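# Understanding the architecture of this molecule
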There are 2 protein chains.
Amino acid sequence: MARDAQATRERLVASARKAFSERGFERTTVREIAAEAGVNPALINRYFGGKEQLFAEAVSIDLAFPDLSGVARDRIGHALVEHFFRRWEGDAQDDLLRVLIRTAATNDEAASRIRGVLAEQVGMMVTRVAGPDRARERASLIATQILGLAYARYVIGLSDGDVAPQTAIAMIGGTVQRYLFDALP
Amino acid sequence: MARDAQATRERLVASARKAFSERGFERTTVREIAAEAGVNPALINRYFGGKEQLFAEAVSIDLAFPDLSGVARDRIGHALVEHFFRRWEGDAQDDLLRVLIRTAATNDEAASRIRGVLAEQVGMMVTRVAGPDRARERASLIATQILGLAYARYVIGLSDGDVAPQTAIAMIGGTVQRYLFDALP
DNA sequence: CGATGTTGTAAACATGTGTTTACTTACGGC
DNA sequence: GCCGTAAGTAAACACATGTTTACAACATCG
């Protein structure tokens, strides 16, 4: 292994995530990604086969739900919203949920990826916390609210002045709580 | 006025809306728009000055909130969600909210347009229905939920199987109701 | 009917971008 | 220490796409 191909690959993936999260798929050029990684654009084709495949590789998301076993049952919704805020407030500009939200608008692969995450990860979490009864519907409802929050903040650009974190955690936490436990019609 | 330039303009705007709502800004080409309108691509530049300006002209949105004066105070949230569902279930493939949601992901003009709509139209509606007290925060909270619903259905592609309209109207209506009237922290 | 200006078209132009090809550079085993 | 192979680069290629230019068709008015 000469001149560390592994490290170069990883740097390309990291640059790709950052770029895609800022500008989406089409507005990001392979030249930008390569420049950010300090490397030649041709390597993207050598290592990944092309822009599409690099994207697919760069986007494998793990929502990393926190351990909710110690959380009071009537505070789970709030804890979840808090979890996402902490995730987003961090300076991880390459947060994968952000990448996907921005990219899904014009890229079917990304949209499909989000559907998968909903079905698997959110569905699992709901089942564990609230039982399997209509877990899919509950997960979808929660998704509409959490995706909407992320979209409003990071795509539309709503600021803390519009939705203060404290207010959001309280109110949207209450919403998630309802979607988890309230009776569905 | 020979050979009806006005009608051609309008056909171009209509084609543009449809294309932008399906594929977003960057993935839509002026040649597609012109072909759909049955006209030469050069006319886009003649009439609008370019793709950017056509987009700006194609996207002027009016949420057209229904008259809520006859609705019981505890059913306003549900009425609003029902309003949006009716709007979307119709075959208006060129619905402007859909255009904006998809395009805002990579187009600042569209994102800014949505911010304006929130501040003006949703803010006004909230003020009229619930009074001016913290109307901006309430409007933003409502926006996160409604945008998220639209995003989940039309970008991610969640189906009626994931979020049945009936369930959504009941549960999300209740959420909007809370964001309108519940005490904020 | 003919002059005129508007509407529309066809083709060329300029450029940005993903990808390929041919070449150079550096590491590591013999 | 040399040499083969992997890592990296530079330049060219192919093509899509927004835009411009030169020209044709057509309605309207004198």
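Further up the page is the structure itself.
Residues numbered from 1 in each chain as written. Chains lettered and ligands numbered in written order. Predicted model: local features only at pLDDT ≥ 70, side-chain atom pairs only at ≥ 80, totals over all residues. Heavy atoms only, no water.

### Quick look at the environment of Pro132(B)
All names here are of chain B. Our working rule: In this description a helix means any DSSP run of H or I spanning at least four residues, a strand means any run of E spanning at least two, and both kinds are numbered starting from the N terminus. The buried label applies to any residue whose accessible area, calculated with a 1.4 Å probe on protein chains only, is under 20% of its type's maximum; exposed applies above 50%, and partly exposed to all values in between.
Checked against the element boundaries, Pro-132 lands in the loop between helix H7 (108–130) and helix H8 (135–156). A residue is classified by how much of its surface remains accessible, and Pro-132, at 67% relative accessible area, is exposed. C-alpha of Pro-132 to C-alpha of Gln-53: the two residues are 79 residues apart in sequence and 35 Å apart in space.

### Some details on the interface of chain A and chain B
Operational definition: What makes two residues a contact is simply this: any of their non-hydrogen atoms within 4.5 Å. A 1.4 Å probe defines the accessible area here, and the buried area is the portion of it lost by two parts on being joined, summed over both. One side-chain nitrogen of Lys or Arg within 4 Å of one carboxyl oxygen of Asp or Glu is enough to make a salt bridge.
Taken together, the contacts link 47 residues of chain A with 47 residues of chain B. Around 4000 Å² of area is buried between chain A and chain B when both sides are counted, 62% of it from carbon and sulfur atoms. Its largest share of buried area at the contact with chain B, chain A owes to Tyr151(A), Ile156(A) and Met171(A), together 17% of the area lost on that side. Taken together, the connections running from chain A to chain B amount to two salt bridges.

### Side note on the packing of helix H6 (residues 96–104) of chain A against helix H8 (residues 135–156) of chain A
Residue and element names in this part refer to chain A. The condition is simple: The axes are straight lines fitted to the C-alpha atoms, using for helices just the contacting stretch, and the angles between their N-to-C directions are given from 0 to 180°. For this classification, under 35 degrees means roughly parallel, over 145 means roughly antiparallel, 65 to 115 means roughly perpendicular, and everything else is oblique. Gly falls in the polar group here, along with every residue not listed as nonpolar (Ala, Val, Leu, Ile, Met, Phe, Trp, Tyr, Cys, Pro) or charged (Asp, Glu, Lys, Arg).
In contact at an axis separation of 10 Å, H6 and H8 are set at 85° when each is read in the N-to-C sense. Comparing their axes, H8 and H6 come out roughly perpendicular. Contacts between H6 and H8 involve Arg-98, Ile-101 and Arg-102 on the former and, on the latter, Leu-147, Ala-150, Tyr-151, Tyr-154 and Val-155. Here the contact of H6 with H8 is built from residues that sort into six nonpolar, no polar and two charged.

### Details of the relation of the copies chain A and chain B
How we decide: Here the copies are matched by least squares. The fit uses the C-alpha atoms of residues with pLDDT of at least 70 in both.
Mapping chain A onto chain B leaves a residual RMSD of 0.0 Å; the transformation is a rotation of 180° accompanied by 0.0 Å of translation along its axis. Such a combination of turn and shift is consistent with a two-fold rotation axis. Rotation axis and chain A: the residue whose C-alpha lies nearest the axis is Gly148(A), separated from it by 1.7 Å. Most of the interface of chain A is mirrored in chain B, where 100% of its interface residues again form contacts.

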